Amino acid sequence: MRIVSLVPHATELLFALGLGDDVVAVTHECDFPPEALARERITRDVLPGGLSAGEIDAAVRERTLQGDAIYELDRQALERAAPDLIVTQELCPVCAVSYDEVAQIAKQLPTKPRVIALDPKTLGETLGDVRTLAEATDGEIAASS
């Protein structure tokens, strides 16, 4: 299975489930486990570097008021990754690439990948995400270990 993870939380869970070899691409923010650093980066932050906390806040507010995202998805890299599964989030439009954008792009990919969103708000929901990923990847045995 070829998996693209668009949230660090999912990347960490996928590796913890023993599915690291299946993860073919991740976000620019995925830095754990260290093996994730070897995966292709398919997102980028559109805000310029070197901003203060206040400047970041102002830039994020301005972009979101205009309906613009602060993260950009590399569509060509996503297509090259040829995913069977894309794991993203739907909870926060500022925290990651838009779920709607990901779902729309996924429909256009030759592999027609399944898109799932992980949106935990509690530790219990985070543990539920382990089951969700295990079921989505047929990895129930790894999840129960």
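Residues numbered from 1 in each chain as written. Predicted model: local features only at pLDDT ≥ 70, side-chain atom pairs only at ≥ 80, totals over all residues. Heavy atoms only, no water.

### Let's talk about unusual backbone geometry
Omega for the bond connecting Phe 32 with Pro 33 falls within 30 degrees of zero, at -5°, which places this linkage in the cis form. Phi is positive for Ala 82, which is not a glycine, with a value near 50°. Note on placement: Ala 82 falls in the loop between helix H3 (75-81) and strand S6 (85-88). Non-glycine residue Lys 112 carries a positive phi angle of around 45°. By the secondary structure assignment, Lys 112 is in the loop between helix H4 (99-108) and strand S7 (114-117). The exposed category is assigned to Lys 112, whose relative accessible area is 54%. (Helix = DSSP H or I, 4+ residues; strand = E, 2+ residues; numbered from the N terminus. Buried < 20%, exposed > 50% of the residue type's maximum accessible area, 1.4 Å probe, protein only.)

### Let's talk about the confidence of the model for the protein chain
When pLDDT drops low, the exact placement of atoms in the prediction is not to be read closely. Confidence along the protein chain averages 88 in pLDDT terms, with 94% of residues attaining 70 or more. Considering each helix and strand of the protein chain separately, the mean pLDDT is smallest for helix H6 (residues 140-144), with a value of 47, and largest for strand S2 (residues 23-26), with 97. (pLDDT = per-residue confidence, 0-100.)

### Quick notes on the packing of helix H1 (residues 8-16) against helix H5 (residues 123-136)
The geometry of H1 relative to H5 is characterised by a closest axis approach of 10 Å and an angle of 60° between their N-to-C directions. By the angle class used here, H1 and H5 are oblique. Our pair here, H1 against H5, has a crossing hand that is right-handed. Here His 9, Ala 10, Leu 13 and Leu 14 of H1 lie close against H5, whose contacting residues are Thr 126, Asp 129, Val 130 and Leu 133. Split by residue class, the contact of H1 with H5 holds five nonpolar, two polar and one charged. (Axes fitted to C-alpha atoms, helices over the stretch in contact; angles between N-to-C directions. Parallel < 35°, antiparallel > 145°, perpendicular 65-115°, else oblique. Left-handed = near helix turned anticlockwise from the far one by under 90°. Contact = heavy atoms within 4.5 Å. Nonpolar A, V, L, I, M, F, W, Y, C, P; charged D, E, K, R; others polar.)

### Section: the side chain of Asp 129
Locating Asp 129 in the fold gives a position in helix H5. One buried charged residue, Asp 129, remains without a salt bridge, the closest side chain of opposite sign being Lys 121 at 9.2 Å. Those residues in contact with Asp 129 that lie beyond four places of it in its chain are His 9, Leu 13, Leu 118, Asp 119 and Pro 120. (Lys, Arg positive; Asp, Glu negative; His and termini not counted. Salt bridge = Lys/Arg side-chain N within 4 Å of Asp/Glu carboxyl O.)

### Concerning the nonpolar core
Ranked by size, the top nonpolar core spans 21 residues in total, and within it Val 4, Leu 6, Ile 42, Leu 73, Leu 78, Ile 86 and Val 102 carry the most contacts. For this core, the elements supplying multiple residues, two or more each, are S2, helix H2 (53-65), strand S5 (71-73), H3 and H4. With near-sequence residues (within four places) excluded, Val 102 lies in contact with Leu 6, Leu 73, Ile 86, Thr 88, Val 97 and Val 115. Judged by nonpolar contacts, the second largest core, of 19 residues, contains Ile 3, Val 7, Leu 19 and Val 23. (Core = buried A, V, L, I, M, F, W, Y, C linked by side-chain atoms within 4.5 Å.)

### Regarding the pattern of salt bridges
Applying the stated criterion across every chain, the model contains five salt bridges. Glu 40 is the salt-bridge partner of Arg 80, the closest N and O atoms lying 3.1 Å from each other. Taken as a pair, Arg 80 in helix H3 and Glu 40 in strand S3 (residues 40-41) lie far apart in primary sequence, 40 residues in all. Taking the relative accessible area as the measure of exposure, Glu 40 reaches 32% and is therefore partly exposed. The partner of Arg 75 in a salt bridge is Glu 101, with the nearest N and O atoms 4.0 Å apart. Pair noted here: Arg 75 is in helix H3 and Glu 101 is in helix H4, with a separation of 26 residues, a long-range link. On the basis of relative accessibility, which here comes to 44%, the residue Arg 75 falls in the partly exposed class.

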